[in-house]
Amino acid sequence: MTIARGLIIKIIFVFGLVYALMSVYQANKIKNKNDYFKEMKW
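A brief structural summary. Note on numbering: residues in each chain are counted from 1, in written sequence order. Local features in this predicted model are restricted to residues of pLDDT 70 or higher, and side-chain atom pairs are both shown and tallied only at a pLDDT of 80 or more, whereas totals for entire chains, interfaces and linings draw on every residue. Side-chain metrics in this entry use all non-hydrogen atoms of the structure; hydrogen atoms and water are not considered.

With respect to the overall build of the protein
Right, so step 1: Helix and strand content of the protein: two helices and zero strands.
Right, so step 2: The burial tally for the protein puts 0% of its 42 residues in the buried class.
Right, so step 3: Surface accessibility of the protein: about 4400 Å² in total, with carbon and sulfur atoms responsible for 71%. Secondary structure counts use DSSP, requiring at least four H or I residues in a row for a helix and at least two E residues in a row for a strand, with both numbered from the N terminus. Each residue is placed in one exposure class: buried if its accessible area under a 1.4 Å probe, protein chains only, is under 20% of its type's maximum, exposed if it is over 50%, and partly exposed if it falls in between. Note on areas: Shrake-Rupley with a 1.4 Å probe; residue coverage comes only from the protein chains shown.

Structural data, given as structure tokens:
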């Protein structure tokens, strides 16, 4: 039972990490596409 629980926690962690990386990639893509955001200093 503990092995299954550990695997579930690891799978959730990996999916969260992948989702966060995809969100950062999409935010950078939107930022570079829009002229208003290009002028802003980040």
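Digging into a nonpolar patch on the surface
Right, so step 1: In this scheme, patches are assembled from residues that exceed 30% relative accessible area and form no salt bridge. Like charges are connected within 9 Å, while nonpolar side chains (Val, Leu, Ile, Met, Phe, Trp, Tyr) are connected within 5 Å. Throughout this description, the term salt bridge denotes a Lys or Arg side-chain nitrogen within 4 Å of a carboxyl oxygen of Asp or Glu. Together, Phe-13, Val-14, Leu-17, Val-18, Leu-21 and Met-22 line one region of the surface with nonpolar side chains, adding up to about 600 Å² of accessible area.
Right, so step 2: Relative to the assigned elements, Phe-13 resides in helix H1 (residues 2–33).

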